[in-house]
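Spelled out from the first residue to the last, the chains are:
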Amino acid sequence: FRPIVRWPSESVGKQGTVAFLLEDRRKNIWIATAGRGVLRFNLQREDTVWYREDTGTAGSIPSNAVETLCEDSDGRLRLGTGAGLAEYDSRTDRFKLHRIFMFERGDSRLGGRKLVSTGVTSGIIPDGRGNLWLSTRAGGIVRFEVATEKQRAFTTDEGVVVARGRR
């Protein structure tokens, strides 16, 4: 074995847990971390780009907590982050955030439920019909229609089984 990715020098000695790895069709290795952003390593050039949240910069990664990665059939990279679903545009080298919403009991205008942001998107699966299926920490699943950006939440009210901690 030989190391091919070196953490940027400013992160040496700081803890960064690798949460997910993905090789995209351009032969980049994407390394998602729980709290340190995401790194893109190019296998041919052997160079690394580190993306971190910068609240003062438009188009930066929306959260340093990146739990999952997915490349869809069109080659677009999606990231499940602590802020929601992020989409990476390789042409502009920028990220776009899609806040993901679920229902919570409380608002009678929505059948006793109110709409709330889920925060963490922890899983992404494309279905081949232009949808992304997202698992959330809020205890449900969301169907995200890529073309329209419409969302449909599925919770325990629709029969989703939510796993709780082991006893």
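For the structure, see preceding data.
Calculation criteria
Residues numbered from 1 in each chain as written. Predicted model: local features only at pLDDT ≥ 70, side-chain atom pairs only at ≥ 80, totals over all residues. Heavy atoms only, no water. Core = buried A, V, L, I, M, F, W, Y, C linked by side-chain atoms within 4.5 Å. Buried < 20%, exposed > 50% of the residue type's maximum accessible area, 1.4 Å probe, protein only. Helix = DSSP H or I, 4+ residues; strand = E, 2+ residues; numbered from the N terminus. Contact = heavy atoms within 4.5 Å. Pairing = 2+ DSSP bridges. Axes fitted to C-alpha atoms, helices over the stretch in contact; angles between N-to-C directions.

S.K.: Tell me about the nonpolar core, residues and numbers included.
M.R.: Ranked by internal contacts, the top residues of the largest apolar core, which has 13 residues, are W30, V38, V66, L69, L79, Y88 and F95. Among the secondary structure elements, those contributing two or more residues to this core are β2 (28-33), β5 (66-71), β6 (77-81) and β7 (84-89). Setting aside chain neighbours within four positions, we find F95 in contact with V38, Y51, G59, S60, I61, P62, L79, E87 and Y88. L85, I100, F144 and A153 belong to the second largest nonpolar core, which has 10 residues in total.

S.K.: Report on the pairing of strand β3 (residues 38-42), specifying residues and quantitative values.
M.R.: Where burial is concerned, most of β3 is hidden: 5 out of the 5 residues are buried. Judged by which residues are buried, β3 turns out to be covered on both faces: V38, R40 and N42 on one side and L39 and F41 on the other are all buried. For β2 and β3, the ladder comprises 5 bridges, and the chain directions are antiparallel. Within β3, the residue paired with I29 across the bridge is F41. Between β3 and strand β4 (residues 47-51), which pair antiparallel in sequence order, lie 4 residues; one of them, E46, sits at a positive phi of approximately 55°.

S.K.: Requested: an account of the sheet that holds β5, with residues and values cited.
M.R.: The strand order β5-β6-β7-β8 describes an open sheet built from 4 strands, whose pairing is antiparallel. The outermost strands of the open sheet, each flanked by one partner alone, are β5 and β8 (94-98). Adjacent strand axes in the sheet meet at a mean angle of 25°, parallel and antiparallel pairs treated alike. Summarising the sheet, β5 and β6 pair through 5 bridges and their orientation is antiparallel. Its bridge partner lying in β6, T68 is registered against G80.

S.K.: Can you break down the sheet that holds β2 residue by residue, with the values?
M.R.: The sheet built from 4 strands is open, its strands ordered β1-β2-β3-β4 with antiparallel pairing. The two strands at the open ends of the sheet, each matched to only one other strand, are β1 (18-23) and β4. The mean inter-strand angle of the sheet, taken between neighbouring strand axes irrespective of direction, is 15°. Sheet topology places β3 next to β4; 5 bridges connect them, and they run antiparallel. By the bridge assignment, N42 is partnered in β4 with D47.

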